[in-house]
Structure formats: C-alpha cells, structure tokens
Amino acid sequence: MLTKFETKSNRVKGLSFHSKRPWILASLHSGVIQLWDYRMGTLIDRFDEHDGPVRGVHFHKSQPLFVSGGDDYKIKVWNYKLHRCLFTLLGHLDYIRTVQFHHEYPWIVSASDDQTIRIWNWQSRTCISVLTGHNHYVMCATFHPKEDLVVSASLDQTVRVWDIGALRKKTVSPADDILRLSQMNADFFGGVDAVVKYVLEGHDRGVNWASFHPTLPLIVSGADDRQVKIWRMNDTKAWEVDTLRGHMNNVSCVLFHPKQDIIISNSEDKSIRVWDATKRTGLQTFRREHDRFWILAAHPEMNLLAAGHDSGMIVFKLERERPAFSVTADSVFYVKDRFLRTFDYSTQKDTQLIPIRRPGANSLNQAPRSLSYSPTESAVLVCSDTDGGSYELYVVPKDSHGRGDSVQEAKRGVGGSAVFVARNRFAVLEKSTNQVLVKNLKNEIVKKSLLPIATDAIFYAGTGNLLCRAEDRVVIFDLQQRIILGDLQTSFVRYVVWSQDMESVALLSKHSIIIADKKLAHRCTLHETIRVKSGAWDDNGVFIYTTLTHIKYCLPNGDSGIIKTLDVPVYVTKIFGNTIFCLERDGKNRPIIIDSTEYVFKLSLLRKRYDQVMSMIKNSELCGQAMIAYLQQKGFPQVALYFVKDERTRFNLALESGNIEKALESAKKIDEKDHWYRLGVEALRQGNAGIVEYAYQKTKNFERLSFHYLITGNLDKLSKMMKIAEVKNDVMGQFHDALYLGDVRERVKILENVGHLPLAYITASVHGLHDIAERLAAELGENVPSLPEGRKPSLLIPPNPVLSAGDWPLLMVSKGIFEGGLDDTGRDADEDYEEAADADWGEGLDIADVDNLQNGDISAVLNEDDDDVHPENDEEGGWDLEDLDLPPDAETPKAASNARSSVFVAPTLGMPVSQIWVQRSSLAAEHAASGNFDTAMRLLSRQLGIRNFAPLKSQFIDLHMGSHSYLRGFTSAPVISVAIERGWSESASPNVRGPPALIFDFSQLEEKLKAGYKATTAGKFSEALKHFLAILHTIPLIVVETRREVDEVKELVIIAKEYVLALQMELKRREMKDDPIRQQELAAYFTHCTLQLPHTRLALQNAMTVCFKAQNLSTAANFARRLLETNPSNENQARQARQVLQAAERNMKDATQLNYDFRNPFVVCGATYVPIYRGQKDVTCPYCGTHFVLSQQGQLCNVCDLAAVGSDASGLLCSPSQVR
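Predicted model only: the values in this text are computed from it and were never measured.

The rules behind these values
- Per chain, residue numbering runs from 1 following the sequence as it is written.
- Restriction of local features to residues with pLDDT of at least 70 applies here, the model being predicted, together with a cutoff of 80 or more for giving and counting side-chain atom pairs; totals for whole chains, interfaces and linings are based on all residues.
- Values reported for side chains reflect all heavy atoms of the structure, with hydrogen atoms and water molecules removed beforehand.
- What counts as a helix is a DSSP run of H or I of at least four residues, what counts as a strand is a run of E of at least two, and both are numbered from the N terminus.
- Between buried and exposed lies partly exposed: a residue is buried under 20% and exposed over 50% of the maximum accessible area for its type, with that area taken using a 1.4 Å probe on protein chains only.
- Note on areas: these come from Shrake-Rupley sampling with a 1.4 Å probe, and a residue is covered only by the protein chains present in the view.
- Interaxial angle, 0 to 180 degrees, is taken between N-to-C directions of lines fitted to C-alpha atoms, where a helix line uses only the stretch in contact.
- For classification purposes, angles smaller than 35 degrees are called roughly parallel, those larger than 145 roughly antiparallel, those between 65 and 115 roughly perpendicular, and all remaining angles oblique.
- Whether a crossing is left-handed or right-handed is set by the direction in which the near helix is turned from the far one by less than a right angle, anticlockwise for left-handed and clockwise for right-handed.
- The contact definition used throughout considers only heavy atoms, calling two residues in contact when any of these lie within 4.5 Å.
- For two strands to be treated as a pair, DSSP must find at least two bridges joining them.
- Within this scheme, the nonpolar core is defined by two criteria: the residues are buried Ala, Val, Leu, Ile, Met, Phe, Trp, Tyr or Cys, and they are joined through side-chain atoms within 4.5 Å.
- Exposure above 30% relative accessible area and the absence of a salt bridge qualify a residue for a patch, where like charges join within 9 Å and nonpolar side chains (Val, Leu, Ile, Met, Phe, Trp, Tyr) within 5 Å.
- By convention in these notes, a salt bridge is any Lys or Arg side-chain nitrogen within 4 Å of a carboxyl oxygen on Asp or Glu.
- Defined by distance alone, a disulfide is two cysteine sulfur atoms within 2.5 Å.
- pLDDT measures how confident the predictor is about each residue, on a scale from 0 to 100.
- Ring geometry is summarised as follows: Phe, Tyr and Trp rings, the Trp one being its six-membered ring, pair when their centres sit within 6.5 Å, and such pairs are stacked at plane angles under 30 degrees, edge-to-face over 60 and tilted between the two.
- Sitting over a ring, as applied to charges here, requires NZ of Lys or CZ of Arg to be within 6 Å of the ring centre and within 35 degrees of the ring normal.
- For the purposes of these results, a polar contact is taken to be a pair of N or O atoms within 3.5 Å, where, inside protein, one atom must be able to donate a hydrogen and its partner to accept one; residues adjacent in sequence count only when each atom of the pair is a side-chain atom.

1. Observations regarding the overall build of the protein chain
What the protein chain contains, in helices and strands, is 30 helices and 61 strands. Looking at the 1220 residues of the protein chain, the share that counts as buried comes to 50%. Counting only carbon and sulfur atoms, one obtains 50% of the accessible surface of the protein chain, whose full area is about 60,100 Å².

Laid out in structure tokens, this is it:
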C-alpha cells in the first residue's frame, strides 16, 4: 500500500472523492463533515450542522454540491462554494446509513434503519419513491453506474436489486394527457416506480454492504458472517458465484476496483484485504494496530482509494503507476504492459522490442521499478521488488525492432538495485552484506566491493562510479579506487538525474530537490509542498521538474517558477529546446510544448549575458508584475523600467534606479502632488537643482521653493517669491523671504501692515531707518518701546552659498548596457550630448514678473502651460544670446559640447585610515579605535575567550572617539573626521600611516592599582573591588611597545585577579551573618590569596579572630603562627597572635569541622569559593587564569566577568612586538 494522505480525527463513517479536484469528504461519528485536500494535506472546510453521527456522504459528479445523511434522520444538501447547507430532506424515521447522487438525474438515494430506501429529487426537493421490502435495517443503497438499477444490503441477511426503469420513464417522458391519466391511477393505487428485481440470499448474518461492478453484471457483498460474496446476474435471475473467506470479523465495506480486476474489502478485524476478482484469491492484507475499518471509497477517475477507521482515514494506492524508463541520447526505453518498448525522439516513433517475464500475480507491486540500459551492448537491466528485490538482464536483438514477440530467457539475480557502471559491467547491491557485486553480461561476478555507508539503493554516477543512498545522505563511490569522491547530507532521495555533461546532478526527494555538482558540492535546495515526480536538464543548465500539478524550472541559483499547469501527473524524460518529452502513467509518450522565455530571460540575467536580455526585452512579451518584482529584487530596476507601461510603476522604478529624466516624464503624465513631491526629494538627493525647482513649482510648495532659492543663492527669484507671497496674502512667507533677502524696509512694512507697530518701530530704529522710526513713534505715542543700552546692532542676513545655482557636478560614467540599448529615443549619442549641454537646469525656470499683478491673479503665474515651465526650455529662448544681460558676478555659462575637457572628474577615493589600521593590526584595541567593533570583538573572543562584551562597551566607544578629531567644514557640509596617529612627528612621510592613538596606557593602570591598594588597606572593600575590576576590564584594550612591558601587563592581570577573588570572598563572608562555619571557611581561604604583605597580615589577623571566637582553636593557632612568621611591624598584631597561641596550646581542638586543610596546597574556585586541592581536576578562565570546579565549564567567569570558563584562547596580545 502506498499511503498518499492520512488524517487523525474522530471515527470516519462516510467517504467521498471529488471527481475533478483533489478533495475528499469525510463524515465523522462526532457529527462533523470534513473537506480535505489530500494532495496538499490540508483541511479546507468543516460542516457541522448534523446532530449526532453522519454515516453517509457523497459529492455530486458535476455540480458544486454534496449530500449527507445522519443519525438525526435528516438528509442535507450542501453547496461547498457557498460553505452552507442549501436544504434538508425530511421523511426517514430512523438513522440514515448511506446517501448517493445519481450520475445523471437529479436524484438522491438514501438507505435507513427504518427498513426503507428512498429516492429524492433534489431539484424539486421531494421524495419521489419509497422502496419497501427489507424487514431489518437497510445498511446501504447505491445506484448502478450505467443502468436503471439500485442495489441494497440489509441486516435481514439479503441483498436486493431494484429496477427503477419506470421512475426514469416517468421523469423523462413528455407530459401528454393519456400518460398523465395513467400516472394518476398508478399514484392512486400505489406506484410501481421501483420493483424488486432479485433478492440475493446466501449470507448467514446481516449484510453490511453491496456494490455493483462498474462494467460487468456482477455484485459484491460483505456481511457479519465474515464473508465476501460475488454474485452474477442476467436479465432474468441472479446467483452466487463465489465466496471469499479470510476476514476475522464483520465485513463492513466491499467494492470492485474501478481500473483493475480486484476486489477491496475492509472489516472490523482492523484489516483491508485485496482479492483477485478472476482467480478469487487473496492478494494482500493491510492491518492497523488498534483501528477497526468502517468504509471504503474509490476515486471515479484516478487510481486512488480511501478507507475510514476508528481514528481517521487514509488515502492510498495499491500499486505504483510510474513506468520504469531509461533515457539514452536520442531515445527512451520503458516498460509497458509487460513489453520493453523504445520511443525515438527524432522520429517520434514508438517500437515494441521484447516481451518481459510476467510477474507472478500472487501479489501486488511486482511491476518493474527501474531500468538501466547499456547502448553499446544493447543490454537492459530490469529491476523489480519481486522476492525482496531482483533484477533481470535482457539483451535486445538488433533485428527485433517492430516485432517484439521473440521470447528470450533472461538472466536473473537477487539484489536491491542493479545499474550499469560501464559498457559491459553492471553493479548489484547486496543489502544483507552492504556490498556491491560487479558482474559481466554473462551474469558472473567479476569483483566485490564493500560500501562505505549503510546503503539501501545505488544509482549510476559516471563510468566506474556509484551514487550510494542512505537514509539521510548520499555519497559518490569510486569502484576502482574504492574511495568516496563526494558526500552530501540530504533528505531521503528517491530519484537521481544527471545533466548531459555529468557536471550537475539533481537529487529528487518527496518534497524537495537538491542540486549539486559532480563532487556532490551543494548548490541549492528547493522545497515543494506538492510531491515532486520527475525532472530533466535542459541545454542551458536549467533543471525542469514536475510535481503532481505543475511543470516548473529551477535556475542554478535556486530561483524557481512555474512553466505550465498539468491535468495529470507526467514523468519528464528529455528536453529539446521548447519541447519536453514525457511519459504518462499509462505508458504513452507525449511531447509538451512550453514557453521557456521566462526562465531563459532570468538565466541570462543571472549569467550577465545582457545582450540576450536586451534582445528578449525588445522581441518578447515578458510582462507581468511577477517579472517586474523579480527584476527589482535582483537589483535591475532599470531593466524593469522598459517592461512597464503603467506610469505609476514606471515612476517608482525610475526613482529606484535614479533615472531622474524618466521619472520626470512619468511625473508629468501622472501629474499628482505626491509624485511631484517624491520627484523633488530624489532630485534634491542627486543635486539636480532645476528639477527640484520645477517639482516645487508644480506642487505650489512656496516655502520649500523659497528655501531652495536661498541655498542656491538665486536672489532674483527669491525677491519674486516675496512678491508672490504678497499677492497671495501669505504674510509669514513674505516675512521669511524678506529675512532671507536681508530686506529691512520690506520687513518693517510687513510688520506695520499686520499691526505689530512696536516690532516695526524696533526693526526700523535698530537698522537706522530713522524717518520711518519717527513716523511710527508718532503713531505709537506713549507706547514707544525702549531699546537696550550699549548694544551694537548688526544686519541679520544669511551667508552666501558656497556653490551658487547650477547642478552638482556629476562623474562621467559609461552608460550601462541597458540605458544605451533600451532608450526608446532612437537618437545618436552626439545629438544627445548637444542637447544635454543646452539644457542648463539651473536658470531655466523664471517665474514671470509679478510687479504689476493684481491680488488673486496669482494663478496666471503658476498655471502656465507645462511647456513654458519645462526645465529644458529657457525663457530666454535657449541660445538667443543677444539679450543676455549678465551681471558681472553671474555664473559662467556651461561650455559648449566640444569642450569635453572641462567636465569635472572627481578624484578617486583613497582608502580610509580606519581601514588601513584594521588591515595592518591584529590588536583588538586598534580595531576598536578604527570603529570596527565586530572584528575587535572577534579578536578578543579568539585571543582571550571573551564572551560578555557589555563591560567593555564604554571602553570601545572611548577608544573610537579618542582616536579621531573632528573639524567643522562649511555651514551646510558635514563634520570632517581626522584620524589621530600614535607617535606622529612632522618629519614623518605624509603617505605612511601610523597606528591609531589610544587613550588607555599602562601608567593609568598603575595609578588604579595604587588606588586599589589604598582602599583595601582602609577596609573599603567595595571601592577597592571596583578599582581592580576596572584594571581587568581595561587590560584587553591596552597596547604597549616592548616585551618587558608585555610581561608587566600579564603580571598585572594576576595581581588584579587575586585581589578581585579575595575581595569577593570577604564581601560574601560579611553577608553571611547566620552561617558561622561558612564565615570561618571564607576567612581562611582569604589568607591563601596572593596579596601584598600588609594585606596578608590583615587577612590572617581577621581569620584568626573569627576562628578563635568560634572556638576553632587549632585552626586559629595555625593563623597566629603564620602571622608571627611575617614579623608584623604592628606590635598589637604580634601580641594578639601570641595570646591566641598560648590559649590554643591549652586546648588544641576545633569545635566544628571546616572544609579547610592548610597542610594540603590548594587554589580557591572563583564561583563556588571551595578549595580545589592539588591533584583534583579543574578548569581555568582563559583570560584571568582563575581556577574553577569542573561543573563551571562554559559559564561566565565570576572574577573578570568577561571570558567563558574553559574555552580555548590563544592568549593576551597587547603589543606589536608579539606579532613581528
């Protein structure tokens, strides 16, 4: 059984396949009807209006309808497109067992536990016939697929066949009066629409199911007596033909296979059985662990079956339908109807070659599974699953073409799979020993090879090589040298397709395709939701493959797409140009013509063959949103531009590719405010002042326009803007323009007009316009504002722009292939250049004189025709130079087109200093200074195993900021950063870059160390801890010059580490007020840290005191002895130690047991603070060297808070001298 789809749900009682779509209805014992797509494996819809189990369900053959019947005595007709129940048919008085649509008439037949069968007209929604006669529950009723018959099965142990011919005549006949009269009588005296034709008796118990053969006059039935019976009928009688025994419990459903000569039955014994209908023997049994089977359904068109059981349903096939085939250069060999055939691609002629042994029909799935062909010897290997895997070797006689009836004895053998590996050698897989047997054409073993991996199939991989497949990987194995040439992790591979030149291979799995090269180096992977069926390579190196529903392509970079939709699955054998040759499931060869434009176009783009791309764009209709999106995504918006007719899309693509001229063309056609605004933004980004001006004018955006004139220094137009603002009554705009121009009189006038007399007075008097000031003072009278004393006024006026008017200089670049070839203006390049020289965007757009305009007449200025305001048409009339009255400081006009040398070419960009620093150095500090934090972090991780960079963040930022200085440029220009180098001198060559200056140096650390010592002596442990941690966090970013200094840095790490550990333990001890034992232990460990002598003495005194108080006299005495050995200069310390010794000698005992043995050398774990004695295993921090117990492996070091404990690291690198 080949399971195609499986669901988990409540018990399934009814099933129905859709005739066209890949859908199946399942009605459940819970009252829900599910609609599944078995190809995609998804639940499409659920219908739950029935109350109680739904036992029957059926799709209509052509309408979007299905019918269901349930234990609520209701028959419901549903429309699946509208997702709702259309109507309910009421009439049955008990559970409804089955419902079915008639294949032709608008009828539904239903069987019920009320012992009747009813036929309904679903168009008139009435019951047209009631079939009575059974005297127990009717378990099923179905129409005959062709004739006017109904078969029913009942628990009264009979199967009945009913003739409904009269009902058909009544439905179809013309309504003449005589007929109608007789019909009335018939209705009155009890109708004879349906009569019992036969009653089939033979079962000993209730019959659960009966069904017709699709073409022959046969009926099959299954009953509670565990038997399946076959019945035959003719015009007059029906009789039992045979009984199939084998089920161990009630047979719940049975039917004839629509395509093959077999019967399928299922039962409450948890099995499905397949029987040979002609020999009437059992072929196969499929069992489930815990689920009883209830229902079977066969697909009306395809070779699919479905079965419902206690916990869901399965959709399955009994046999593979893929023909076995092997492709050679110009033909394909394949097996059809137990003959080996060949199809020649050039002549498209199909020839029968030789008959192939009929497999024993005692089992399914014995058909050939694969073929392998050796063209030089015309030998064919046919592999099948017979006897657990076997092969047959045939040699095709040269003269047998066309006859194909000479029976030939094949050479046979057992083996998982067999393939030719050379002209006259083939390899056979022996699974039991995992070896390959190489045989000659006489079927004699020539050589044996053990395989490198547990292989379950072998495929050809070039002469002398095999591709071996395991569950999760494939390898290429060389049989001569017995070595692996390539290895690749994959999902389970089903088929292998090599390209013509054997350079590429496609590995097909159920839902994915992996493309690799001949050494199995991975190129790309594709995933499909629908099952992948076959594939072949075309001449361009594109892989064409089929799924159940589509022909698709896969480009070398993994991009894929659909070429064509399929009605039925096909198997691609060969591709010639635009023709794909396929094998269908019934063994027919079929050429399919495809349109390869799309994938050839994408391939040309991918391979940068732009000439091909160009010709395809010009000659083909490659339009569509998908193609435009593809070009955009791949970074070719300028190409997409030439596909698009829609102006809005053109505009967006033109902006994206920076083609301002094309964007302008589109903006004019669209002529919407939003598009003009976006055009202005892009033009501003490109420094194209003329278009910015034009766009602002089109959107009537006067504030932006005024500001634009200000920054380009176009004061004439700015004064015109001021007049426009006045005409429009835009006071604020007018005032701004007056400010930009530095026009004081205008400002005073505006302030006065709007009634701000005090402001007008101040402005006039500050700027020395005394006549106006006096006039205003008279008007203000008492309210004249006072001016501040002793201040010197100055005129507020913006600075002159550095670059006045005109566009930004552009670099000369050669036109891209697309711009050159695709421009739809068919002009010469020279002509193009001439015009470009003339179209000076800068001065093009004069706003007409507005002095003599009346208020409200502004529209005359702004709504001039487009041509007048076209940036390329100067109002002066282009080259009419007579009336150009140029002021002396005006911008020099552009040179004519022949003066090419004047084109500004920007200097080539040098390498940034920060990049030079990074290239030359492997010191983390220098990488951080250059701003390359990620490489600095990688270096620290590699050198010191640092994993936590949070404590270093501020140092990184300080280093970066500290190695650069910043200079102000022009007002509108960005700040210029200048790199500061270490050890720079004026005599140094300007071209040689030194390393970056760093803000951290060793002397700072010595200061911090002294501060730490001082805080420790004073007992300020938290402060001291901060100092020592700061040292540990700065050392990774220190750079020193000499080897001696490197040793000092390393020594400093150890000192800081010892202090951090000691201080952490002491702070921890102070927290533990209620645990005297742990307090004593921590005080004792403190004395074993390597500290300065005064600090060691303090630690010993501290430990001695703590232990003495806790009556641990022996341990206290040890600390006293060690304290006296240091010759303490402080007399108090010495005296106290001697007193403790005397007291302890009287009673040398410890009150409590401590985890502390001073005789055994140890180090303290930095995380758990327990001793690690000599000989015990431990792990260390790769940076600070603190020891830890093994369980801390991989954790963050508690001491330095930077590195991961136990990780690999190369060591501290802090000087260029270490690298040289």
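Don't stop here, the text continues.
2. A short note on the packing of helix H8 (residues 660-670) against helix H9 (residues 673-686)
Contact geometry for H8 and H9: axes closest at 10 Å, N-to-C directions at 165°. Here H8 is positioned roughly antiparallel relative to H9, judged by the angle of their axes. As for how H8 packs across H9, the hand of that crossing is left-handed. For the pair H8 and H9, contact is made by Ile660, Ala663, Leu664, Ala667, Lys668 and Ile670 and by His675, Trp676, Leu679, Glu682, Ala683 and Gln686, respectively.

3. Things to note about the environment of Asp242
With respect to the helices, strands and loops of the structure, Asp242 is situated in strand E21 (residues 238-245). Under the relative-accessibility criterion, Asp242 is labelled partly exposed at 26%. Sequence separation between Asp242 and Trp231 is 11 residues, and the spatial gap between their C-alpha atoms is 7.2 Å. Excluding residues that lie within four positions of it along the chain, Asp242 makes contacts with Val228, Lys229, Ile230 and Arg280.

4. Quick look at the pairing of strand E53 (residues 570-576)
Here is the key point about a regular strand: its side chains alternate between the two faces of the sheet. Within E53, six of the seven residues are buried, which leaves the element mostly enclosed by the surrounding structure. Note: E53 against strand E54 (residues 579-584), six bridges, orientation antiparallel. Across the sheet, residue Ile575 finds its bridge partner in E54, namely Ile580. Counted between consecutive antiparallel strands, the loop separating E53 from E54 contains two residues, among which Gly577 sits at a positive phi close to 60°.

5. Re the pairing of strand E51 (residues 550-554)
For E51, a buried count of five out of five residues is recorded, marking the element as mostly surrounded by other parts of the structure. Burial along E51 is two-sided: His550, Lys552 and Cys554 facing one way and Ile551 and Tyr553 facing the other are all buried. Pairing analysis gives four bridges linking strand E50 (residues 543-547) to E51, with the strands arranged antiparallel. The residue bridging Ile544 from the neighbouring strand is Tyr553, located in E51.

6. Re the side chain of Thr649
Within the secondary structure layout, Thr649 lies in helix H7 (residues 647-656). Among all residues touching Thr649, those that are not within four sequence positions of it are Ile628 and Val644.

7. Topic: the nonpolar core
By size, the foremost hydrophobic cluster in this structure holds 90 residues, and its most contacted members are Leu940, Phe1028, Ile1035, Tyr1183 and Cys1200. Excluding anything up to four places from it in sequence, Ile1035 contacts Leu1005, Val1049, Leu1052, Val1053, Tyr1183 and Leu1212.

8. A look at the sheet that holds strand E16 (residues 158-163)
One open sheet accounts for four strands, arranged E14-E15-E16-E17; its pairing is antiparallel. Looking along the sheet, the strands with just one partner apiece sit at the ends: strand E14 (138-143) and strand E17 (195-201). Averaged over neighbouring strand pairs, the angle between their axes works out to 20° when direction is ignored. As paired elements, strand E15 (residues 149-154) and E16 share five bridges and run antiparallel to each other. Residue pairing in the sheet places Val151 in a bridge with Val161 of E16.

9. Let's talk about helix H11 (residues 702-711)
It helps to recall that an α-helix has 3.6 residues per turn; residues three or four apart then point in one direction. If you check which residues of H11 are buried, you get Phe702, Leu705, Ser706, His708, Tyr709 and Leu710. In the stretch just after H11, Gly713 is the one whose phi turns positive, near 70°.

10. Focus: the sheet that holds strand E3 (residues 23-28)
One open sheet holds the four strands; their spatial order is E2-E3-E4-E5, and the pairing between them is antiparallel. Looking at strand neighbours, the two that pair on one side only are strand E2 (12-17) and strand E5 (42-47), the edges of this open sheet. In this sheet, neighbouring strand axes are inclined to one another by 20° on average, regardless of whether the strands run parallel or antiparallel. Strand direction decides the pairing type here: strand E4 (residues 33-37) and E5, joined by five bridges, are antiparallel. Residue pairing across strands places Asp37 opposite Thr42, the latter belonging to E5.

11. Some thoughts on a nonpolar patch on the surface
Together, Ile957, Met961, Tyr966 and Val975 line one region of the surface with nonpolar side chains, adding up to about 380 Å² of accessible area. For Tyr966, a relative accessible area of 41% corresponds to the partly exposed category.

12. A short note on the state of the cysteines
One pass over the full model with this rule turns up zero disulfides. In this structure Cys1184 is not part of a disulfide, and its nearest cysteine sulfur, from Cys1181, lies 3.5 Å away. Given the relative accessible area of 4%, Cys1184 is considered buried.

13. As for the pattern of salt bridges
Throughout the structure, instances matching the rule amount to 44 salt bridges. For Arg97, the salt bridge goes to Asp113, with nearest N and O atoms at 2.8 Å. Here Arg97, found in strand E10 (residues 96-101), pairs with Asp113, found in the loop between strand E11 (107-112) and strand E12 (116-121); they are 16 residues apart in sequence, far enough to count as distant. Note on Arg97: relative accessible area 16%, which makes it buried. For Glu377, the salt bridge identified is with Arg423, shortest N-O distance 2.4 Å. Taken together, the residues span a long stretch of sequence, with Glu377 in the loop between strand E33 (368-374) and strand E34 (379-384) and Arg423 in the loop between strand E37 (418-422) and strand E38 (425-430) at a distance of 46 residues.

14. Digging into the confidence of the model for the protein chain
With 88% of its residues at a pLDDT of 70 or more, the protein chain has an overall mean of 84. Low pLDDT (under 50) marks residues 824-901, which in the prediction has 82 contacts with non-local residues, meaning those over four places away or in another chain.

15. Some points on the packing of helix H14 (residues 744-753) against helix H16 (residues 770-780)
For the pair H14 and H16, the least separation of the axes is 12 Å and the interaxial angle reads 15°. Comparing their axes, H16 and H14 come out roughly parallel. Read as a crossing pair, H14 and H16 show a hand that is left-handed. Along its contact with H14, which presents Arg745, Val748 and Glu752, the element H16 presents Ile772, Arg775, Leu776 and Glu779.

16. Regarding helix H27 (residues 1076-1086)
Counted residue by residue, H27 has nine buried out of 11 residues, so it is predominantly covered. Within H27, burial applies to Arg1078, Gln1079, Gln1080, Glu1081, Leu1082, Ala1083, Ala1084, Tyr1085 and Phe1086. Contacts from the buried residues of H27 go to helix H26 (1043-1071), helix H28 (1093-1109), helix H29 (1113-1125), strand E58 (1162-1164) and strand E59 (1171-1173).

17. Some remarks on the environment of Pro452
Secondary-structure assignment places Pro452 in the loop between strand E40 (445-450) and strand E41 (457-460). Taking the C-alpha atoms as reference, Pro452 lies 9.8 Å from Ile476; in sequence the two are 24 residues apart. Leaving out residues up to four positions away in the same chain, Pro452 has contacts with Val475, Phe477 and Ile484.

18. Looking at the packing of aromatic side chains
Applying the stated criterion across every chain yields a total of 34 aromatic pairs. When the ring of Phe17 is compared with that of Tyr38, the centres are 5.7 Å apart and the planes differ by 85°; the resulting orientation is edge-to-face. In this pair, Phe17 sits in strand E2 while Tyr38 sits in the loop between E4 and E5, placing the two residues 21 residues apart along the sequence. A centroid spacing of 5.7 Å and a plane angle of 10° characterise the contact between Phe66 and Trp78, whose relative ring orientation is stacked. Note that Phe66 is positioned in strand E7 (residues 65-70) and Trp78 in strand E8 (residues 74-79), a separation of 12 residues in sequence. Residue Phe66 is classed as buried on the basis of its relative accessible area, which comes to 0%. Lys13 extends its terminal NZ or CZ atom over the ring of Trp294, reaching a point 3.8 Å from the ring centre. Its end group placed over the ring of Trp239, Lys237 keeps NZ or CZ at 5.2 Å from the ring centre.

19. So, the environment of Gln1064
Within the secondary structure layout, Gln1064 lies in helix H26. With near-sequence residues (within four places) excluded, Gln1064 lies in contact with Leu1025, Tyr1169, Asn1198 and Val1199.

20. Describing the side chain of Ser265
Within the fold, Ser265 resides in strand E23 (residues 262-267). You can call Ser265 buried: its relative accessible area is 0%. A distance of 2.7 Å separates the side chain of Ser265 from the side chain of His247, its partner in a polar contact. Excluding residues within four positions of it along the chain, Ser265 makes contact with Val228, His247, Val251, Cys253, Val254, Ser271, Ile272, Arg273, Trp275 and Leu296.

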